[in-house]
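Secondary and tertiary structure notes
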Amino acid sequence: MALMFTRLSTRHRLWINGRPLANQAMDDAFGNPGFPRPALLELSPALLQAGHNTVVIEVVHAQRAGLSSVDVGPMVTLRARYLRHLLVSVELPQALNMACGGLALLLVLIWRRRPSEVALGSFGVIALVGSVRNYSYFLDTSVTGTALWADWFFFAINVWIVALFGVFAQAFAGQRWPRYRRWLLGLAIVVPALGLVATGLDRLQELRGYAYPVLIGTCLPGLWLCLAGARAKRPWGAVGPALGMGAMVGAGVHDYMFQTAYWLPMTETFWMPYVMPVTLGIISLALVRRMVHALSEVEALNTELEARVAARTRELELANAAKTRFLASASHDLRQPLVTIGLLVGLAKDRSDSPQTRQLMNRVDEAVGSMEGLLTGLLDLSRLEAGAVKPDPGPVRLAAVFDAIDAHEHAAASLKGLRLRFRATDAVVWSDAVMLERILRNLVANAVRYTERGGVLVAARRRGGRVVIEVRDSGIGIAPEHQQAIFQEFVQVDNPARDGTKGMGLGLAIVQRSAAMLGHRIGLESALGRGSRFWVELPPAEAPQAVFSDAAAVDTPGEPVPLQGRRVLLMEDDASVRAAMIERLQAWGAQVVAAHVDVPSLEAWLADPQQSAPDLMVSDYRLPHGDGLQAIAAARRRFGALPALLVTGDIAPHDLARLHDAGLRVLHKPFRPEALRDALLEALLAVEDAAETIAPPC
Ligand code: ADP
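The present account deals with the structure reproduced in this document. Sequence order as written defines the numbering, with residues in each chain counted from 1. Predicted model: local features are reported for residues with pLDDT of at least 70 only, side-chain atom pairs are reported and counted for 80 or more only, and whole-chain, interface and lining totals are derived from all residues. Excluding hydrogens and water, the side-chain figures rest on all heavy atoms present in the structure.

Considerations on the overall build of the chain
- Only DSSP runs of H or I covering at least 4 residues are called helices, and only runs of E covering at least 2 are called strands; the numbering of each starts at the N terminus. Secondary structure assignment for the chain yields 17 helices and 20 strands.
- Out of the 698 residues belonging to the chain, those deemed buried represent 45%.
- Long-range pairs, those at least 24 residues apart, make up 74% of the contacts in the chain between residues at least 6 apart in sequence.
- What sets the accessible areas is the Shrake-Rupley method with a 1.4 Å probe; for residues, cover comes only from the shown protein chains. Of the roughly 35,700 Å² of accessible surface on the chain, 60% is carried by carbon and sulfur atoms. The buried label goes to any residue with under 20% of its type's maximum accessible area, the exposed label to any with over 50%, and the partly exposed label to all in between, with areas taken from a 1.4 Å probe on protein chains only. Contacts are residue-level and defined by heavy atoms, with any inter-residue pair within 4.5 Å sufficient.

Structure below.
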C-alpha cells in the first residue's frame, strides 16, 4: 500500500496511527523553504490496522506551497499516477528549461563573436537567465541557501528579464527609443535595490504587489515593438516569435495573479516555466534560422565574388598581354623613324652654319629627346615585366653611385639655380649597381624637376642594421591623396596636357618595380608646398671587393672618336635608318664596307673570298629571312672574334629575353648619336682588350 500526494511540501512530517512515517527536512530548514512536489510514501502493512486509520500531516512551506488531497491505494496503481505527475509538474519543465538554456548559451556565444547582433545577444541572455531561474524552481534546495534571499533573487531576475526584453524588442524592431532605454536601465537598477531593502524588512511580498504590475506595463511597449517589427520584416516568419512573446507576457500576468495577488486557487501552478522555454525555443530557432540564412547568403555571395574576381583576373591578364604586344609593336615602329631623325638632326646640327637653323635643329632635337625618353621608359618597364632584367647583386659603394648621378644631374640642377648635394658616405650596400643607380637617378631627376627654389640633398644613413638612402628636396611636394598613385604608370600629378617636357609619368613606376625586384623597400614622405623625401632601404654589404658602377662605364667623358679609318659592316633593312647610319658613321671617319638588308645577302657577301675582315659589325635585330643574331654569328664564323653591336627596337618580352641570353652588346632604339658612338667604341675596345690579354708577351 502507499500514500500519494500531488502536492506535498518538501518539508513535512507524517504519522500514521500515531507512528512516524516520514520526517523530511523538518529539523533542518537550510536551503529548503518547502516547495510543493508530488510525493509517494510506502505504507508497510505493519503500520496499518483494520478499520479506521489516522494520518497526521505536518508541513512547513514557502508561499503557496499548498497541500493536495491524499490518495491511499496499492503501490502499483499509485506509482504510475505519481510518475505521471512527476513528469508533468517537475521533469518536463526541467527538461524544457535545460534544453532552452543550452540553446541560449549558443546564442550568447554567437553574440560574443558578433557584438552587432544585439537582438540575438539580448535574447540569448534573457533565455539563459530565464531558464536557469525556471530550472531552479524545481530544485529541492534553494541556490541562495535561505528562503528570504532566494525570494529576492527570483524577484531581481524577473526585473532583469523584463529590462532585457525591452532591449531585445528595440533591437528586433531596429528602433531606438532613448526614453524607453533609460527607463529600462533605471528599472534594472532601482527595483532590485528596493527589493533588497524590502527583503531586509521582510516586506518583499508587499513590494511584489506594486512592482509586478509595473513590470507587466514595461513589457507592453516592447510587445508593441515586437509586433511592429514582425509586420515590417517577414510578416509570417516573425509572427511566431511575436506571439510567443505575447504568450510570455500573458503567463507573467497569470503568475502575478496566482503568486502575488492571490486571485487564483492555491493548487494552480506557475505558467512561466512551461511557456517561457517553449517560446524561447521557438524564438531561438527563428533567430538561428535567420543566421543560417544570412550565412548561406554570405557563402553564395563569396562564391559569386570569387568567380567574378577570377573572371576579372583573366580579363586583366589578357588585357595586360594585349598591352605588352601593342607596346612591343608600336614602339618598334616608332623607333625606326626616331633613330633616323635623331641621327639626321645630329648631322644637320654639325653641318649647319646658320644660327637660326641650329636653333631650329636644337628644338627638333629636344622634341626627339622627349619622345626617346618615353620610348626608353616603356622599354625599361617592359624589360622589367618580361623578366629580361636579372638583378646581379653584389657590394656597391654608394660614393661611386653618388658621383655618377652627380655627374649626370648636376648640370640640370645648376641650370635651375638649385643646390644638388650628395652627403659624403663610405657606406657599402648589397644591391645591383646598375639598377640601384637607375633608381636613385630617377629620384634625383624628379627632385630637381619638381623643385624651383632651394636644393636637393642625397644622403645615406644607417638605421637598425640597414642603410637608408634618402633624396630630399625643397620642391612643390605631393598631396597625401597622390602619394600612392604616382608610383603607377603614366600617373602625373600636374600635367593634364601631358606635356612631354614635364616627364612621362614612368619614372616612379620603374623605380618601384626595380626596387621590388631587388627586395629594397621604398617610401615617401611629403607635404604639399614644403618638399618631399623619397627613401630606399637596403641591406649593408661587408667587403667591397669588386665595386662596380655602370655610370663609370657608360659615362666616360667622350674622347675623340677613334673610328677614323675603321671598316664597318652594316646590317639594316630600314632604308632611311640605313642611310642615316651610313652617313653618321662616315661623319665619324668610318668606312662602311658593306650594308646588307637581310641574312641571305650577307651570306652571299661573306662567301666571296675577296672580302677582307671589317673592324666592326653593326646589325639590326629584326631582319628579313633571319635576324641580327644569325647575321653576327655568320660574320664571326668567317672572320673570327669580330667586334659587334646589335641594335634593336624590339621590346617584346620573348625577344628581349633572347637578346639577354645571347650575351651580345645591345643598343636599344631610339638612341642618341652619342650613345651609338660610345657603344661602338666599347665594342671595339672590349675585343681589343681581350686580344691583348690573350696575346703572348713579345
Ligand atoms: P614623371 O616622368 O612625370 O616625373 P614619375 O613617375 O617619375 O613621372 O613621377 C610621377 C609624378 O610624381 C610626377 O608627375 C610628379 O607629379 C610627382 N613627383 C615625383 N617626384 C616628385 C618630387 N620629388 N616632388 C614633387 N612631385 C613629384
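Some words on the packing of helix H9 (residues 398-415) against helix H10 (residues 433-449)
- H10 packs onto H9 with a crossing angle of 35 degrees between their chain directions and a minimal axis gap of 10 Å. Crossing geometry of H9 relative to H10 is assigned as right-handed. Touching Leu398, Val401, Phe402, Ala404, Ile405, His408, Glu409, Ala412 and Ala413 of H9 are Leu436, Glu437, Leu440, Arg441, Val444, Ala445 and Val448, all from H10.
- Side-chain classes follow a simple rule in which Ala, Val, Leu, Ile, Met, Phe, Trp, Tyr, Cys and Pro form the nonpolar group, Asp, Glu, Lys and Arg form the charged group, and the remainder, Gly included, forms the polar group. Of the residues that constitute the contact of H9 with H10, the class distribution is 12 nonpolar, one polar and three charged. Orientation is described by axes fitted as lines to C-alpha atoms, over the contacting stretch for helices, and by angles from 0 to 180 degrees between their N-to-C directions. The hand of a helix crossing depends on one turn: near helix anticlockwise from the far one by less than a right angle means left-handed, and clockwise means right-handed.

Notes on a nonpolar patch on the surface
- Patch rule: a residue counts if its relative accessible area is over 30% and it has no salt bridge; like charges are joined within 9 Å, and nonpolar side chains (Val, Leu, Ile, Met, Phe, Trp, Tyr) within 5 Å. Should a side-chain nitrogen of Lys or Arg be within 4 Å of a carboxyl oxygen of Asp or Glu, the pair is scored as a salt bridge. Together, Trp149, Leu196, Val197 and Leu201 make up an exposed nonpolar region whose accessible area comes to about 380 Å².
- Take Leu201: it is sitting in the loop between helix H4 (178-200) and helix H5 (204-232).

Remarks on the nonpolar core
- Residues belong to a common nonpolar core when they are buried Ala, Val, Leu, Ile, Met, Phe, Trp, Tyr or Cys residues joined through side-chain atoms within 4.5 Å. Core analysis: the largest hydrophobic core is formed by 52 residues, its most contacted members being Phe123, Phe155, Phe165, Phe168, Cys226, Met245 and Leu280.
- Among the elements that line this core, the one with the most residues is helix H3 (residues 147-173), at 13 residues.
- Setting aside residues no more than four positions away along its own chain, Cys226 makes contact with Phe165, Phe168, Ala169, Phe172, Ala242 and Met245.
- Formed by 48 residues, the second largest nonpolar core is a distinct cluster that contains Leu338, Leu436, Ile469 and Phe487.

A few points about the site of the ligand
- Nearness here has a simple test: a residue counts as near a molecule or strand if at least one of its heavy atoms is within 4 Å of that partner. The full set close to the ligand counts 21 residues, and Asn446, Arg449, Asp473, Gln492 and Leu508 are the nearest of them.
- Two N or O atoms count as a polar contact when they lie within 3.5 Å, although within protein this holds only if one can serve as hydrogen donor and the other as acceptor, and sequence-adjacent residues are included solely when both atoms are side-chain atoms. The separation between an oxygen atom of the ligand and a polar side-chain atom of Asn446 is 2.7 Å.
- In this structure, an oxygen atom belonging to the ligand sits 3.2 Å away from a main-chain N or O atom of Val493.
- In isolation the ligand has 530 Å² of accessible area, and contact with the protein removes 97% of it.
- Broken down by secondary-structure element, the contributors of at least two residues to the shell around the ligand are H10, helix H11 (507-518) and strand E13 (531-538).

Comments concerning the sheet that holds strand E12 (residues 521-527)
- Pairing between strands is defined by DSSP: at least two bridges between them are needed. Spatially, E8-E10-E11-E13-E12 is the arrangement adopted by the five strands of the open sheet, whose pairing is mixed. Lying at the two open borders of the sheet, with one neighbouring strand each, are strand E8 (419-422) and E12. The sheet shows a mean angle of 15 degrees between the axes of neighbouring strands, taken without regard to direction.
- Sheet topology note: the strand E10 (residues 455-463)/strand E11 (residues 466-473) ladder contains eight bridges and is antiparallel. Residue Arg463 lies in a different strand from E11, and its bridge partner there is Arg466.
- Along the sheet, H9 contacts E8, E10 and E11; its crossing angle with E8, the most-contacted strand, is approximately 175 degrees.

Topic: the packing of aromatic side chains
- Pairing of aromatic side chains requires ring centres within 6.5 Å, counting the rings of Phe and Tyr and the six-membered ring of Trp. Pairs whose planes differ by under 30 degrees are stacked, by over 60 edge-to-face, and all others tilted. According to the stated counting rule, one finds 13 aromatic pairs in the structure shown.
- Their ring planes at 90 degrees and their centres at 6.5 Å tell us that Trp152 and Trp160 sit as a pair that is edge-to-face.
- Look at Trp152 and you get buried, because its relative accessible area is 17%.
- Ring centres of Tyr256 and Trp263 lie 6.4 Å apart, and the angle between their planes is 85 degrees; on these two criteria the pair is classed as edge-to-face.

Looking at unusual backbone geometry
- Even without glycine at this site, Phe490 takes up a positive phi of about 60 degrees.
- Looking at the secondary structure, you find Phe490 in the loop between E11 and H11.
- Positioned with a positive phi, His625 is a non-glycine residue whose angle comes to about 55 degrees.
- Note that His625 resides in the loop between strand E17 (622-623) and strand E18 (626-627).

A closer look at the pattern of salt bridges
- Using the criterion set out here, one finds 19 salt bridges in the structure.
- Here Arg441 makes a salt bridge to Glu437, at a shortest N to O gap of 2.9 Å. Residue Arg441 and its partner Glu437 are located together in helix H10, separated by four residues, close to a single helical turn.
- Among the residues examined, Arg441 registers a relative accessible area of 25% and is labelled partly exposed.
- What makes Glu437 buried here is its relative accessible area of 3%.
- Several salt bridges converge on common partners, so that one network encompasses Arg461, Glu470, Arg472, Glu525 and Arg533.

Quick notes on helix H13 (residues 575-587)
- Each helix should span, by expectation, one fewer than its residue count multiplied by 1.5 Å. For H13, spanning 13 residues, the distance from its first C-alpha to its last is 18 Å, which sits close to the expected 18 Å at 1.5 Å a residue.
- For H13, every residue scored as buried is listed here: Val577, Arg578, Ala580, Met581, Arg584 and Leu585. Across the axial projection of H13, the buried residues extend over an arc of 170 degrees, all falling on one side.
- By the N-cap criterion, in which a side-chain oxygen at the helix start approaches the backbone nitrogen of a residue two or three places on, H13 is capped by Asp574, the distance to Val577 being 3.2 Å.
- The first or second residue beyond H13 is Gly589, which carries a positive phi of 90 degrees. Working definition: the arc comes from the directions between the helix axis and the C-beta atoms, pointing outward to the latter.

Focus on the sheet that holds strand E19 (residues 644-648)
- Pairing in this open sheet of five strands is parallel, and the strands run E15-E14-E16-E19-E20 from one edge to the other. The open sheet has two edge strands, strand E15 (591-596) and strand E20 (666-668), and neither has a second partner. Going across the sheet, the axis of each strand differs from the next one's by a mean of 20 degrees, ignoring polarity.
- Of the pairings in the sheet, the one linking strand E16 (residues 616-620) to E19 comprises four bridges and is parallel in character. Bridge assignment links Asp620 to a residue of E19, and that residue is Val647.
- The strands touched by helix H14 (residues 599-607) within the sheet are strand E14 (567-571), E15 and E16, with E15 carrying the most contacts at an inclination of about 130 degrees.

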